[in-house]
Amino acid sequence: MTGKNRAIVYSEFGDAGVLRETERDIVEPGPGEVRVRVVVSGVNPTDWKTRSGATAMAPMADEGQVPNQDGAGVIDAVGPGVTGLRTGDRVWLIMAAYQRPASGTAQEYTVVPADRAVPLPDGVGFEAGASLGVPAMTAHRALTVHEGAPPRLAPGALAGLNVLVAGGAGAVGNAAIQLAVWAGATVAATVSGPEKADLARRAGAHHVVNYRDEDAAAQLRSAVPAGIDVVVEVAAAHNAELNLSVLRPGGTIAIYANDSSGGPLAVDVRRNMVLNARYQFVLLYTVPRPALAGAATAVNAALTDGALRFGPEAGIPLHEYPLAATAAAHAAVESGTVGKVLIRVADSRNE
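Since we're looking at a predicted model, the values are computed, not measured.

Calculation rules
- Residue positions are counted from 1 within each chain, in the order its sequence is given.
- The predicted origin of the model limits local features to residues at a pLDDT of at least 70 and limits the giving and counting of side-chain atom pairs to 80 or more, whereas totals for whole chains, interfaces and linings rest on all residues.
- Side-chain measures were taken over the full set of non-hydrogen atoms in the model, leaving aside hydrogen atoms and water.
- When accessible area is computed with a 1.4 Å probe and restricted to protein chains, residues below 20% of their type maximum are described as buried, those above 50% as exposed, and intermediate ones as partly exposed.
- Secondary structure is summarised from DSSP: a helix means a run of H or I of at least four residues, a strand means a run of E of at least two, and numbering begins at the N terminus for each.
- Strand pairing is assigned whenever DSSP identifies at least 2 bridges connecting the two strands.
- Our arc is simply the arc of the directions from the helix axis toward the C-beta atoms.
- Contacts: residue pairs with any heavy atoms within 4.5 Å of one another.

Caption draft 1: Molecular detail of the pairing of strand β3 (residues 33–43). Counting buried positions over the eleven residues of β3 gives ten, a clear majority of the element. Two strands pair when backbone bridges link them, and β3 and strand β6 (residues 109–113) are joined in this way by five bridges, in the antiparallel orientation. Within the sheet, the bridge partner assigned to Val-36 lies in β6 and is Thr-110. Both β3 and strand β4 (residues 70–78) contribute to a ladder of eight bridges, which runs antiparallel. Bridge pairing links Gly-42 to Asp-70 in β4. Bridging between β3 and strand β15 (residues 340–344) involves four bridges; their strand directions are antiparallel. Directly across from Val-40, in β15, lies its bridge partner Arg-344.

What follows is the structure, encoded as structure tokens:
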């Protein structure tokens, strides 16, 4: 296929102002790769943090970088050796830009390794598909790293367990609530105010507590007397005391982020020893490939069951921008917009 590919790129690290629109050649997929016509691109904190240079894992590529790890679209070309995917398949993408500076989803066409393209179940829209990647896969990992954890979530897989989701109104928090409820856990969530509490309840949380309340720990202990088995943690330092106050002996704190305002995480060795606590750090990019594949299968099963939903009724408002406004979309995520920020890449909504 010949032609030009409209893309957003940046050639230096910095604020959202470094993003610019350009045209690139449409390239053919190589062995083991597929080319995807992107319909919707998703924006996550990891995208602006990489763009800013704060968490970039490699020097700036000479040709610049296309941002955004998540997206959804239609395969329009398949490279040699690819099995299980074919032209015309609707897919959602995982880590499109990881170690591939030209493959971010903020463009009309992207070429990715075939194992980063996951079939999108029938009836699931591209908006939902572009909302999955980082949030859903991170949530799945955080829910499957405790002692005796199932390798893959399914109905009943977390039956009898009590899960605490910190930041229950965030994208990862929302996915963690929905997946944990689907898997049979009792789910508590912490939030910062009544509006976010409403979102966490819409996601399905059984108990919601404002972590700013002086008696937040007492509220959680009252709601879940047996204690928390698994904490899905977004602000490890800030919530350290709360977590130790409600964790059940043998419990796990799965940390996928840290609020910089909380400072570095200091571990109280004696209290953690008494609890036989486990700390598990989660970064999607270095999760073993078999675990990623299992997570993608579980996420698709939850989608098919109608247990993983998107939109305000599911506790996660969607905010859409055109491709030309990618800088504004990045700025929205960086400023803490609640919900999921999406970029409409294709003109048609009727794919």
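Caption draft 2: Focus on helix α10 (residues 326–334). Burial in α10 covers these residues: Thr-326, Ala-329, His-330, Ala-332 and Val-333. The buried residues of α10 occupy one face: seen down the axis, they fall within an arc of 160°. Contacts made by the buried residues of α10 are with β1 (4–9), β3, α1 (45–52), β14 (318–322) and β15. Gly-336 occupies a position one or two residues after α10 and carries a positive phi of about 90°.

What is shown is where atoms sit, not what they do.
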